[in-house]
Amino acid sequence: MGLDVWLKGLIAVYFVLDNIKNSDLSIKLKVVFIKEVMVDGIDNEGISDIVGAVGGETSLDPSCLGEIEVNGNFAVVEVEENKVERLVDELDGSKVGSSNVNVSQIQDSDRKKIRSIRNYIVEKNRLVEMERKEEMREHEKSIRNLSGKERQNKGKTILHLSGKDRGESLEGYKVKFMRNRKGEKLPETEISVSDLVMLSKKDPLRDDNPTGTVIQKTNYSITVAFKEKPPSFLYGKNIRMDLYVNDITYQRMKDAINKMIGSDFNSDLRDIIIGIQSPKERGKTDIEKWFNEELNYSQRKAVARALESEDFHLIHGPPGTGKTTTAIEVIEQAISRGKKVLVTADSNIAVDNILDFLLNEGVNAVRVGHPARVTPKLRKNTLDSLIRDLNEYKESQKAREKAFSLKEKQENYTHPSGRYRRGMSDKKIKNLAEENKGSRGVSPKKIKEMAKWIKLNEEIDKLFEKSDKLRDKAVKKVLENSDVICTTNSTAGTELIEQMDFDILVIDEATQATEPSCLIPITHANKVIMAGDHKQLPPTVKNPKAKKEGLTETLFEKLACKHPYTKDLLETQYRMNEEIMKFPSKEFYNGKLKPHPSVKNHTLKDLDLELERIEKTLRKLLNPENPTIFLDTSNLNAPERTRKDSTSKENPKEAKIAKNITEEYIKAKINQENIAIIAPYDDQVDLIDRKLNYDDLEIKTVDGFQGREKEIIVISLTRSNESNEIGFLKDLRRLNVSLTRSKRKLIVIGDSSTLRKNRTYKRLIDYIKNQNGYYRI
Ligand SMILES: Nc1ncnc2c1ncn2[C@@H]1O[C@H](COP(=O)(O)OP(=O)(O)OP(=O)(O)O)[C@@H](O)[C@H]1O
């Protein structure tokens, strides 16, 4: 038996059956030390592409490879140790399939770390994909289960449209859609400016139907911008428009997750996110000048500590404590230290809110995003608008216009299609034309025409290329000259800022964004400051399994729990009367909230109500000097009910009470804009909404009212049943949001016998009783 042994390390063992000659069995045992290399930058390539690349691009035999594990855009490949150097040398920078890859050896000490990164990437991609599929499923289900007409009645579809070409602009190729019948108004619809829509002719489920963004809407027309040239069927009749799912955000989340393995991601930030490293010790920052002199102690402390931190800092801002105000000071201080700042939030509204603050402070900020999704008054600050003033952009437009006019001219000549081309190359056609010759049965005249077409085409291509380059230059100029770039988390994944790096990223409303969503801007950042409140509602996740498995746990919350010292609590609130504040402060913020003196004792009394107009029996209840009221319906027999096919709840008697209270206040000359009615359930909101008809009165779900405030808030808790079920009222973050929206008066309507079974609700009722605000009806 011949035995060869290399005993450098005992990792892989090959048994090679050797010299099998009749019964003379010889076993050659070869022990090979195996190393791992990382192949980073693959796109859709798989194991066979990697094996193929080793065979094709290197001088190695692929049999030197062991196990290959592909994850997203990287792969970990086992290789015989003595081949590692050659593999890295020869494959690094070359191609695997159609991707250029970086190849590096994985050091033994890095192996554990890489496993953690790999697990994180696989896990987060899985959750994002679950959620993406859920959204698609919901959309498809609705299209399958409802007729076009039914969807139109629900405001999700518009039927019988016909498109008109409205040319090309920065927003893309524009098509204006109107009803087939001239002059017919559009039906009432949810589809509005900035929505993504899908257009179809016969089958709204075809996956090649074009999608675009609504850029303008009137009573008679909707104009949509398409990124790609739209198909001509849109200019026919009976086109259908459906509200669609925005898939690009999911793609960007996955791209950001996959980037965590490569050099594109700051490794300290990555390791903290993944949980294998702790945030670093802070430096020391002296702040000589405050941009906002009114900042209170806890806000100043948070600003200083945010500037001092090396990697992550969290500003925990309970309701009305000035999270955004504090974040603005951080940004201004950072700019004054010569830093470049990226500011994001999950929603366009939140980005516009912080941009508005910044512009009022005179900060040089630009908004990146589709102008249709930006508040009209801020549109002049969008990138699209700012580049228009630059010569580069003007030149780019000129080149584009010229290209289009050449395209028109081109139509006069014969297109070198298969029929006339007959296998001839462009060069050959041009040569023949110069020599005034025909060929392959094509006349010299046709050859000349085709040559002209080809030359024009070359000119057009050059013009488009020039136009794109000039436009890119203009974009770069605006972005480089701005101190701050504001955009949504999702749009931080746009190619416009792909190459940019920022010293500091500020994410506002960070507890409303999923972790994968925050990763998109973090790929550009060296340090991250997040403002949010994890005691309020988390981001909405539709897939119940993804929710259960952690997609609602935000990065803010994860870091706040794991590294509490990275977090500063803002303690002074500028919204609620002290009596309204006390209960949520005790329950959710360890009693740390303090009312600013300007709000501590404010009540409805300051608003000059005409109380004599309020019905006598209700005067005590609506008493302006009493800030918190609980109206108990337990003696009233006011049960909840469930609509057919609905998972939501409604409570007609509570709806009636909410209506009466609100109308009494309106009678007493409270401005409608100062009141809101909120309820945890959609169906209850809908029921109340149908009972009241005031233009400026807001009736919203609790979730939809997060981040907002009113002088008076009426809450209808809705649940009332024999089994004392309170459903998703059990999520106390929802209770926290409900109780912290009002400035001067909070009226809670609910059935104490159902609610009291939950200890927190019981304490709430007892607290209001103690404040003399409890009434049984
Ligand atoms: N130091 C301060 N002095 C005076 N007013 C302040 C101060 N800080 C914040 N405010 C005021 O408090 C209000 C809430 O501030 P801001 O919008 O920054 O809070 P927020 O925490 O982001 O709000 P929300 O809880 O609604 O998300 C604003 O009207 C703001 O001007």
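Residues numbered from 1 in each chain as written. Predicted model: local features only at pLDDT ≥ 70, side-chain atom pairs only at ≥ 80, totals over all residues. Heavy atoms only, no water.

By the naming in an unreviewed UniProt entry, the protein chain is DNA helicase, taken from Methanohalarchaeum thermophilum. Looking at the protein chain in UniProt, the text filed under Subcellular location (unreviewed entry) is "Cytoplasm". (UniProt positions renumbered as here; feature names shortened; annotations may be inferred.)

### What to know about the side chain of T701
Looking at the secondary structure, you find T701 in strand β26 (residues 698-701). Overall, T701 belongs to the buried group, its relative accessible area being 17%. Leave out the neighbours within four places in its chain, and T701 touches A679, Y681, D682 and V685. (Helix = DSSP H or I, 4+ residues; strand = E, 2+ residues; numbered from the N terminus. Buried < 20%, exposed > 50% of the residue type's maximum accessible area, 1.4 Å probe, protein only. Contact = heavy atoms within 4.5 Å.)

### So, the site of the ligand
Of all residues adjacent to the ligand, which total 14 residues, the nearest are E294, Q299, K323, T324 and T325. Separating an oxygen atom of the ligand from a side-chain N or O atom of T325 is a distance of 2.6 Å. A distance of 3.3 Å separates an oxygen atom of the ligand from a polar atom in the backbone of G707. Relative to its unbound accessible surface of 630 Å², the ligand loses 75% to contact with the protein. By residue number, the principal contributor to the shell around the ligand is helix α8 (residues 323-336), which donates three residues. (Near = heavy atom within 4 Å. Polar contact = N/O pair within 3.5 Å; in protein donor to acceptor, adjacent residues only side chain to side chain. Areas by Shrake-Rupley, 256 points an atom, 1.4 Å probe, with all protein chains shown as cover.)

### Regarding the packing of aromatic side chains
As enumerated under the stated definition, the model contains four aromatic pairs in all. Residues F583 and Y767 carry aromatic rings whose centres are separated by 5.7 Å and whose planes lie at 40° to one another, so their mutual orientation is tilted. Of this pair, F583 sits in helix α18 (residues 578-588) while Y767 sits in helix α25 (residues 759-770), placing them 184 residues apart in sequence. Using a relative accessible area of 6% as the deciding quantity, one classes F583 as buried. Look at Y767 and you get buried, because its relative accessible area is 15%. Ring plane angle 5° and centroid distance 6.2 Å describe the contact between F630 and Y774, whose orientation is recorded as stacked. Here F630, found in strand β24 (residues 628-632), pairs with Y774, found in strand β29 (residues 774-776); they are 144 residues apart in sequence, far enough to count as distant. For Y774, a relative accessible area of 18% corresponds to the buried category. Just above the ring of F291 sits the side chain of K289; from NZ or CZ to the centre is 4.0 Å. Between the NZ or CZ atom of K446 and the centre of the ring of Y420, over which it lies, the distance is 5.1 Å. (Phe/Tyr/Trp six-rings, centres within 6.5 Å; stacked < 30°, edge-to-face > 60°. Lys NZ or Arg CZ within 6 Å of the ring centre and 35° of its normal.)

### Comments concerning the UniProt feature "domain: AAA+ ATPase" (unreviewed entry) in the protein chain
With numbering matched to this structure, UniProt assigns "domain: AAA+ ATPase" (unreviewed entry) to residues 309-753. Along residues 309-753 one finds 41% helix and 14% strand; the C-alpha atoms at either end are 49 Å apart.

### Regarding the domain arrangement of the protein chain
Considered domain by domain, the protein chain is made up of domain 1 (11-106), domain 2 (146-245), domain 3 (277-364 + 483-569), domain 4 (391-473) and domain 5 (580-776). On a C-alpha basis, the centres of domain 3 and domain 4 stand 51 Å from each other. (Domains from an automatic or database assignment.)

### A word on the sheet that holds strand β13 (residues 221-226)
The strand order around the closed barrel formed by six strands is β9-β10-β13-β12-β11-β14, and the pairing between neighbours is antiparallel. Sheet twist, expressed as the mean angle between neighbouring strand axes with direction ignored, is 50°. Here three bridges tie strand β9 (residues 157-169) to strand β14 (residues 239-243), and the two strands are oriented antiparallel to one another. Bridging from a neighbouring strand, T157 pairs with D242 of β14. (Pairing = 2+ DSSP bridges. Axes fitted to C-alpha atoms, helices over the stretch in contact; angles between N-to-C directions.)

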